[in-house]
Amino acid sequence: MMGIQFAPDHGEIERRVEALLFAAAGPLSAAEIARRLPEGADVGGAISALRERYQGRGVELECVADRWQFRTAADLSFLMTEEREEPRRLSKAALETLAIIAYHQPCTRAEVESVRGVSLSRGTLDLLLEMGFVRLRGRRRSPGRPVTYGTADKFLEHFGLSNLYDLPGVQEMKAAGLLDLSIPVGFELPDPSRAPDGDDEPLLPGDEDAPEFAQDFVAED
């Protein structure tokens, strides 16, 4: 009968999810994918099926900071070495600072210095912000209203973490020499779902950018 439309089956939903992930300029969350699909589409099922299908292939579907992206298989990274820029190396002070922020966020510069036991040069935090590993979280509602810092999605992507719950335990970090420090009482592992502390004043949030998609076609009038 004319005018009757049938909802796409699971195979078609899987194709559409695959197309979105392939064309996206960056990782996509399940919610961002769902907004471009028919209402009620099984996004989770499609992602699981795609992840299984691409397992062990040249590109694999991976979760990065609770978002999904096709990435080159880790064992084939050597093929791209000539095309990659030499990554900037972090100093021991920068690595320690990054580890402290990751485990104790949101925290202020003074709190980082308290954990490390030494003063922190401004350039260290500036470098971590510039590289996208750290972001501003808010301001303490205390004298001076100091800025608080937390990790950004690029931190998770760089270290291959799905979310902050995948961080190694404190003892593992100490064994690696990254937390061989005096940790004050009251610091605890981060909760990714936790908003800034009650004593913190959040920064004014900007509207989230809509995901960008690479286009290799020209729309016809």
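The structure we're discussing is the one just above.
This one's a predicted model, so the numbers in the text were calculated from it and none came from an experiment. Counting of residues starts from 1 at the beginning of each chain's written sequence and follows it residue by residue. Confidence filtering applies because this is a predicted model: local features only for residues at pLDDT of at least 70, side-chain atom pairs given and counted only at 80 or more, and all residues used for totals across whole chains, interfaces and linings. Side-chain numbers here rest on the full set of heavy atoms in the structure, without hydrogens or water.

### Some details on the overall build of the protein
- Only DSSP runs of H or I reaching four residues or more are called helices, and only runs of E reaching two or more are called strands; each is numbered from the N terminus. A count of helical and extended segments in the protein gives eight helices and six strands.
- Along the protein, helices (α) and strands (β) appear in the sequence α-α-α-β-β-α-β-α-α-β-β-α-α-β when read from the amino end.
- Burial classes follow relative accessibility: with a 1.4 Å probe on protein chains only, a residue under 20% of its type's maximum area counts as buried, one over 50% as exposed, and anything between as partly exposed. The buried share of the protein, reckoned over its 221 residues, is 32%.
- Within the protein, counting contacts between residues at least 6 apart in sequence, those at least 24 apart form 60% of the total. For this analysis, residues touch if any pair of their heavy atoms sits within 4.5 Å.

### Here's the deal with the packing of helix α4 (residues 92–104) against helix α6 (residues 122–130)
- Running from N to C, α4 and α6 point in directions that differ by 65 degrees, and their axes come no closer than 10 Å. Taken together, the axes of α4 and α6 are roughly perpendicular relative to one another. Crossing geometry of α4 relative to α6 is assigned as right-handed. Between α4 and α6, the residues in contact are Ala93, Ala94, Thr97, Leu98 and Ile101 and Thr124, Leu125 and Leu128, respectively. Angular values range over 0 to 180 degrees, each being the angle between N-to-C directions of two axes fitted as lines to C-alpha atoms, with helices fitted over their stretch in contact. Reported orientations rely on four angle classes, namely roughly parallel under 35 degrees, roughly antiparallel over 145, roughly perpendicular from 65 to 115, and oblique for the rest. Rotating anticlockwise by less than a right angle from the far helix to the near helix defines a left-handed crossing, while the corresponding clockwise rotation defines a right-handed one.

### Quick notes on the packing of helix α1 (residues 10–23) against helix α3 (residues 43–54)
- Where α1 meets α3, the axes come as close as 9 Å, and the angle between the chain directions of the two elements is 70 degrees. Taken together, the axis directions place α1 and α3 in an arrangement best described as roughly perpendicular. Within the contact between the two elements, α1 uses His10, Ile13, Glu14, Val17, Glu18 and Leu21 and α3 uses Gly45, Ala46, Ile47, Ala49, Leu50, Arg53 and Tyr54.
- By residue class, the composition of the contact of α1 with α3 is eight nonpolar, two polar and three charged. Under this grouping Gly is polar, as are all residues other than the nonpolar Ala, Val, Leu, Ile, Met, Phe, Trp, Tyr, Cys and Pro and the charged Asp, Glu, Lys and Arg.

### So, the packing of aromatic side chains
- Here is the rule: rings of Phe, Tyr and Trp (six-membered ring for Trp) pair when centre to centre is within 6.5 Å. Planes less than 30 degrees apart are stacked, more than 60 are edge-to-face, and the remainder are tilted. This model, assessed by the stated rule, comprises three aromatic pairs.
- Geometrically, the ring pair formed by phenylalanine 155 and phenylalanine 159 is tilted, given 5.2 Å between the ring centres and 55 degrees between the ring planes.
- One aromatic cluster is present, formed by Phe133, Phe155 and Phe159 through successive ring pairs.

### Overview of the environment of leucine 90
- Examined against the element boundaries, leucine 90 turns out to sit in the loop between β2 (67–72) and α4.
- Those residues in contact with leucine 90, other than ones at most four positions away along the chain, are Leu95, Leu98, Leu127, Leu128, Met131 and Phe133.

### Digging into α4
- The span expected for a helix works out to 1.5 Å for each residue beyond the first. The end-to-end C-alpha distance of α4 is 18 Å, a good match for the 18 Å that 13 residues give at a rise of 1.5 Å each.
- Most of α4 sits inside the fold, with 10 of its 13 residues counted as buried.

### As for the pairing of β2
- The criterion for strand pairing is that DSSP finds at least two bridges linking the strands in question. Across six bridges, the pairing between strand β1 (residues 59–64) and β2 is antiparallel. Paired with cysteine 63 across the two strands is tryptophan 68, which belongs to β2.
- The loop that links β1 with its antiparallel partner β2 comprises two residues; one of these, alanine 65, has a positive phi angle of about 55 degrees.

### Here's the deal with the pairing of strand β4 (residues 134–140)
- When β4 meets strand β5 (residues 147–151), the two strands line up antiparallel, connected through five bridges. Within β5, the position partnered with arginine 139 by the bridge is valine 147.
- Between β4 and β5, which pair antiparallel one after the other, the connecting turn spans six residues, and glycine 144 there sits at a positive phi close to 90 degrees.

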